[in-house]
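Reading the structure
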Amino acid sequence: MLQLKNIVKQYTVGDTKIDALKGVSLDFRQSEFVSVLGQSGCGKTTLLNIIGGLDRYTSGDLIINGTSTKEYKDVDWDIYRNNSIGFVFQSYNLISHQTVLSNVELAMTLAGVSKEERRRRATEALEKVGLGDQLRKKPTQMSGGQMQRVAIARALVNNPSIILADEPTGALDSETSVQIMDILKDISKDRLIIMVTHNGDLAEKYSSRIVRLLDGKVTDDSNPYNADEDKKASEKSKKRKKKKSMSFATALSLSMNNLMTKKGRTFLTAFAGSIGIIGIALILSLSHGIQNYIDQMESDTLSTYPIQITNTTMDMTSMLQEMQGIQSEEEAERPLDKIYTNKVAAKMLQLFTASETKNDLKRFKDYIDSPSGDTLKEHTNDIEYQYNLNIQVYSADTADGVYKVNPNEALTQMMYGGMDPAMLGSYASMFNMSLWSQMLSNTELIQNQYDVVAGEWADDYNEIMLVVNDTNEISDMVLYSLGLLNEDNFTAIQKDMMTAEGLSKERIEEFEASERDDFTYDELLSTNFKLIFNTDYYEKNEQGIWVDKSRDEDFMKNLVNNAPDLKISGIIRPDENAATTSIAGAVAYNSSLRDFVIEHINASEIVKEQEADKDKDIFTGMAFDIGEKQLTMDDVKAYIATLPDGVREQAEAQIAQADQAIAAGMMTESDIVSQFQSMMMSSANTTATYDSNLTKLGVVDLSSPTGINIYPANYDSKEEVETFISDYNTAQETAGNDQYIIHYTDIMGLMMSSVTTIVNMVTYGLISFVSISLVVSSIMIGIITYISVLERTKEIGILRSIGASKRDVSRVFTAETIIEGFAAGAIGIGITILLCIPAEMILRALTNITGLVKLPIWGGVGLIIISMILTIIAGFFPSKMAAKKDPVEALRTE
C-alpha cells in the first residue's frame, strides 16, 4: 500500500526556488493501473521519481505499507527500490555492455539471489515478454520494442509490488506501443502500475485510474482511493527486508564487461601502468639474482673459511693493535741526519708469547650441546669438531706388498726427502691433510657445491668420495698417494733430480709420457682400500708386553687383508655455480668414518689395559716414572720377567749369581739394583707418559675436541655466531672464570660484509627512482577511471534505480581500478620475464655466472599487488564521486 501525504518538492536554481510538486496527496491500491497525465513540466516525472525513491520530497510524507519514510536513510531507500520498485523508462536504460540476460539478472544480484535462481527467474521473465530466444544478445543488437520488453522483464524479475513506467511507449511506434501496453495491462492484475504518459488515448484504453496534474497539483482523479478506510490494507506487514550489497564478483563482471568494450584503451592504459612495474621488476630481478649469488658465495666461502677455535690460539686482532702501539712508542722528534735503530724485537717476542691463549673446548662444546646452543645451530650450516686422529688407510692390493695410502709417509719422504727433518713433519701433515679430508655434515650445502659425475653420494662410514677439478682432472701426486700410479717412476725421477745435471726438459717429457693419462669411472669406482685402526699395529707377547708389529711384513699383510673395506662410492666435481667449495682434499669421507674409528679404538683391548693401569707403560711393562723413582729388587725381578726368553734366562742367571755374592757379603742389594737400573733405563722410553700413549693409540675423547670449526650460514648469521660466543664469554667473565673465555680466529673477517649493503643501497636507490613512473602511471589510471565515471553516468543511474547503494556504485569503479591495476602488473611481470631471458644471456656471456637475473615469485606477486593497491588509491576519489551522483540527474545523461 502506497500513500502520498501533502508531498511538496522544491528545486533551488541559483537564488530561485521552483516548486515542482505542491501538496500532492494520493493513495494507491495494491493492484491497479494508474496513468498520470499532464503537460510537460507539470511534475509527472518528479512525482514518479519520489514514489520510486530516486528523488527526495521537500516536505510531506510518503507512506509505504503504513510506514512513514520521513526517517528513511539511504540504505532504506536502496532496500525499497530493490525489493518493491520496478522501473520502466522511456529510453530503456539498459547497460549496453551487458547481455540481455545479465541486464535482467542485475537486480536479483543486488538482492542476493543465488546464481542458479537468478538464471531461472531472468529466463522466465524474458520468456514472459516474448524474448526467451534473445538471452545472449546485447541491447545494441535489438529493436526499440525489444529493448523495452527487456526493461519490463528487468522490472518484473524481482517481483516488485510497484511498477513505475515513465513514458514507456514514448519512443515506440503505434503497433509496438500497443504490445507494450498489453503487457503492462496484464501485469496490473496483481500489482500496482503507475505510468506517466502524454498519450491520453492509451491511458483511457488501458488504465483503471487516471490522475491529472497541472503545475504540480492534482487536478483530477478518476478513481480516488482512501487507504485509511481500508483496514485490511493498513494491517499489512510493516516488516522490511534487510539490504544485501552487490557482490564483488558482480562488480568485477560489470567493470570487466565495460573495459572489454574499450579493449584498445584498456590495453594502452594497462601497458602505460606497467612501465613502472617493468622497471622495478627488472631491478628486483637483477638485485635478487646478485643477492642469491652473494648469498651462495658467502655460504660457500664460509664453508671454506669457518670461524676456527683451537686448543691454543693467538689473538691476532689484539696483537696487531699492540704492535701498532709498540711502533708508535718509538716515534719521536729526531733530526733526520742519521739512521736510528727501531728497538722492537724483544717487545715483539714478548707480545707473541703473551698473545698465545688456551681455550677450554670441552666446556665450550658442552655449552653448544646444551639447549643454549640451539640459537647457534639455527645460524650455522655445520659445526665441525676436530680431534687428534689420523685415519690409517692402506691399498687393498697386497700382491706387491703393503702400501700405506694415508698418512702416506713414503710419498711425503719422496717429495721432501732432502728437507730438514724438523720441517718434514709439518709438510707431511699438510700434504696428507690436502689429500684426505672430512666432509661437512650439511648434506644440502655439500650437494649444492658439487655434482656427482659417477656413482653416488657416500652414505655409510665405509664409503668415500673422490674429488676431481672442474675439468675432471686429478693430480698425479694424488694418484701416486692412492697407489693408482707406480711410485717407482716417481722415485726414479727424484733420483735424477738429485744429480748434478738435474732434470732436463726431455727427461720431464719422458716421465710424463710414462704416466697413465686417464682412468674410466668404473676403474676408479671399483678401487677399494683397507681401514686399519691405530691399535691394530700392536700385538701382545708372552710376557704381556704390547709390541709394535708395523714393520713385520707378514703381520701387516695379514692385517690389511682382513681389515674392513673402504670403497669409492662416487666421483664428484665442483658445481660451476659454486663460488668456493668446502672439501680441501682429493678424498672425502663422512664424519661417521671418524666416529667409527674412534669408537673401535676406544673399545680395543690394548686401550682398556692402558686405561686400567695409568702408572704402567704397556709398551715396556715398566712404570712411566722409572727414571725418577728408587727401584727395589722386586722391580728388577718384575722387569726381567718381561724380557724375551733368551735374554730373560741370562738375566735370571745373573740374579742368581748376585744372590750368592750378597750371601757371601761381597755385594749389597743396592749394588745389584744399580747395575740393572741402567739397563732398564736404556730399554724404556723415558719420555712416555700415560697421555702420550693414549695419543699414540689414537684414543680420542669425543667430548674434548682439539678444534671447533663453526660454519655460519651467511654473513648475517656470522654476526649471530659472534654474538653467541660473546655472550658465552660475558657469562664466564661475570662468573669470574676468565680462564674459560674463548678466543677464536676469523679468517674471512669483514672481507665481504659490505657487499650486501652496497647492493641493497643501489637497489633501493634505483627502485625509488623508478617508483616515480609507477606513481605517475597510477595517477593516469585514476584519471582514466574519472573519465570512465563520466562515460558511465547513466549506468550509475540505472544501478541506483534498481536498488544499488552508493557503496555498490563505488565498488563497481573500485573493481575497475583493480582490474586495471592487475592488468598493468601482470603485463609488467610478463614483459619482465621475457626481458630477463636476453638479460641473463648477456650477463652470463660477460661474467660466466648463471642466475644473475631472476625475478622471485614473491617479487612478481608483490608487484602485482602493489600495482592493484596504487590503482585503488588513485581511483578512490573517482569512485567516491560516482557514488555521490544524483541518480535522477544520472538517468538524464546521454
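Here is a short report on the structure shown in this document. Quick caveat, the model's predicted, so the values are computed rather than measured. (Residues numbered from 1 in each chain as written. Predicted model: local features only at pLDDT ≥ 70, side-chain atom pairs only at ≥ 80, totals over all residues. Heavy atoms only, no water.)

1. A few points about the overall build of the protein
Just so we agree on the cut-off: Helix and strand definitions here come from DSSP, where helices need a minimum of 4 consecutive H or I residues and strands a minimum of 2 consecutive E residues; each element is numbered from the N-terminal end. In this analysis, two residues are considered to be in contact whenever any of their non-hydrogen atoms come within 4.5 Å of each other. Using a 1.4 Å probe, the Shrake-Rupley method yields the accessible areas, and only the shown protein chains count as cover for residues.
Secondary structure assignment for the protein yields 35 helices and 26 strands. Contacts in the protein between residues far apart in sequence, at least 24 positions, make up 78% of those at least 6 positions apart. For the protein, the exposed area adds up to about 44,900 Å²; of that, 52% sits on carbon and sulfur atoms.

2. Examining helix α13 (residues 361–369)
Rule in force here: Type-normalised accessible area, obtained with a 1.4 Å probe on protein chains alone, sets the label of each residue: buried when under 20%, exposed when over 50%, and partly exposed for intermediate values. Taking the helix axis as origin, the arc is that swept by the directions to the C-beta atoms.
Looking at α13, one finds that the buried residues are Leu-361, Phe-364, Lys-365 and Ile-368. Considered in projection along α13, the buried side chains sweep an arc of 100° and stay on one side of the axis.

3. Regarding the pairing of strand β3 (residues 32–37)
Definition in use: If DSSP finds at least two bridges between two strands, the strands pair.
Among the six residues that make up β3, six are buried, leaving the element largely enclosed by the rest of the structure. Side chains Glu-32, Val-34 and Val-36 project from β3 onto one buried face, and the interleaved Phe-33, Ser-35 and Leu-37 project onto a second face that is buried too. Sheet topology places β3 next to strand β8 (residues 192–196); five bridges connect them, and they run parallel. Along β8, the bridge assignment pairs Phe-33 with Ile-193. Two elements, β3 and strand β9 (residues 209–214), share four bridges in a ladder whose sense is parallel.

4. What about helix α23 (residues 591–602)?
Put simply, the test is: Here the expected length of a helix is defined as 1.5 Å per residue gap, with one fewer gap than residues.
In this model, α23 (12 residues) spans 17 Å end to end at C-alpha, consistent with the 16 Å of a helix rising 1.5 Å per residue. For α23, the set of buried residues is Leu-593, Arg-594, Val-597, Ile-598 and Ile-601. Seen along its axis, α23 keeps its buried residues to an arc of 130°; they face one direction. Contacts from the buried residues of α23 go to β14 (380–386), β17 (436–438), β20 (528–532), β23 (565–574), β24 (587–589) and α24 (605–612).

5. Quick notes on the sheet that holds strand β1 (residues 2–13)
In a beta sheet, neighbouring strands pair by backbone hydrogen bonds and run either parallel or antiparallel. Within the open sheet, the four strands sit side by side as β2-β1-β4-β5. Their pairing is antiparallel. The open sheet terminates on both sides in strands that have one partner only, identified here as β2 (16–28) and β5 (67–68). Examined bridge by bridge, β1 and β2 share 10 bridges and lie antiparallel to one another. By the bridge assignment, Ile-7 is partnered in β2 with Val-24.

6. Quick word on the side chain of Asn-359
Take Asn-359: it is sitting in the loop between β13 (356–358) and α13. If we ignore the near neighbours within four places in the chain, the residues touching Asn-359 are Ile-309, Thr-310, Asn-311, Thr-313, Ile-741, Ile-742 and His-743.

7. A word on the environment of Asn-442
Our working rule: Two N or O atoms count as a polar contact when they lie within 3.5 Å, although within protein this holds only if one can serve as hydrogen donor and the other as acceptor, and sequence-adjacent residues are included solely when both atoms are side-chain atoms.
Tracing the sequence through the fold places Asn-442 in the loop between β17 and α17 (443–449). With a relative accessible area of 18%, Asn-442 lands in the buried category. With near-sequence residues (within four places) excluded, Asn-442 lies in contact with Asn-381 and Asp-382. Reaching out from Asn-442, the side chain makes a polar contact with the backbone oxygen of Asn-381 at a distance of 2.8 Å. Here Glu-444 takes part through its backbone nitrogen, which lies 3.3 Å from a polar atom of the side chain of Asn-442.

8. Regarding the environment of Glu-840
Following the sequence through the fold, Glu-840 ends up in helix α32 (residues 806–847). Apart from the residues lying within four places of it in its own chain, the contact partners of Glu-840 are Ile-849, Thr-850, Gly-851, Leu-852 and Val-853.

9. Quick notes on unusual backbone geometry
Residue Pro-407 is bonded to the preceding Asn-406 through a cis peptide linkage, with omega at -10°. One can find Pro-407 in the loop between β16 (404–406) and α15 (409–415). Phi is positive for Asn-93, close to 50°, though the residue is something other than glycine. Unusually for a residue other than glycine, Asn-159 sits at a positive phi of about 55°. With respect to the secondary-structure elements, Asn-159 resides in the loop between α5 (144–156) and β7 (162–166). Assessed through its relative accessible area of 54%, Asn-159 is described here as exposed.

10. A short note on the packing of aromatic side chains
Quick note on the threshold: For Phe, Tyr and Trp, rings pair up if their centres lie within 6.5 Å, where Trp contributes its six-membered ring, and each pair is then called stacked (planes under 30 degrees apart), edge-to-face (over 60) or tilted (otherwise).
Taken as a whole and assessed by the stated rule, the structure comprises 13 aromatic pairs. Ring geometry for Tyr-367 against Tyr-728: centres 4.9 Å apart, planes inclined by 50°, an arrangement best described as tilted. With Tyr-367 in helix α13 and Tyr-728 in helix α29 (residues 715–734), this pair connects stretches of sequence that are 361 residues apart. Residue classification places Tyr-367 among the partly exposed residues on the basis of a relative accessible area of 25%. Tyr-728 sits in the buried class, given a relative accessible area of 2%. Residues Trp-436 and Phe-529 carry aromatic rings whose centres are separated by 6.3 Å and whose planes lie at 80° to one another, so their mutual orientation is edge-to-face. Within this pair, whereas Trp-436 is found in strand β17, its partner Phe-529 is found in strand β20, the two being separated by 93 residues in sequence. As far as the burial class goes, Trp-436 and Phe-529 line up, both buried. One aromatic cluster is present, formed by Phe-364, Tyr-367, Phe-724 and Tyr-728 through successive ring pairs.

11. Side note on the pairing of strand β11 (residues 307–310)
The side-chain alternation of β11 yields one buried face, formed by Ile-307 and Ile-309, and one unburied face, formed by Gln-308 and Thr-310. Inspection of the sheet shows β11 paired to strand β25 (residues 707–712) by four bridges, in the antiparallel sense. If you follow Ile-307 over to β25, its bridge partner there is Ile-710. Both β11 and strand β26 (residues 745–746) contribute to a ladder of two bridges, which runs antiparallel. Its bridge partner lying in β26, Gln-308 is registered against Thr-745.

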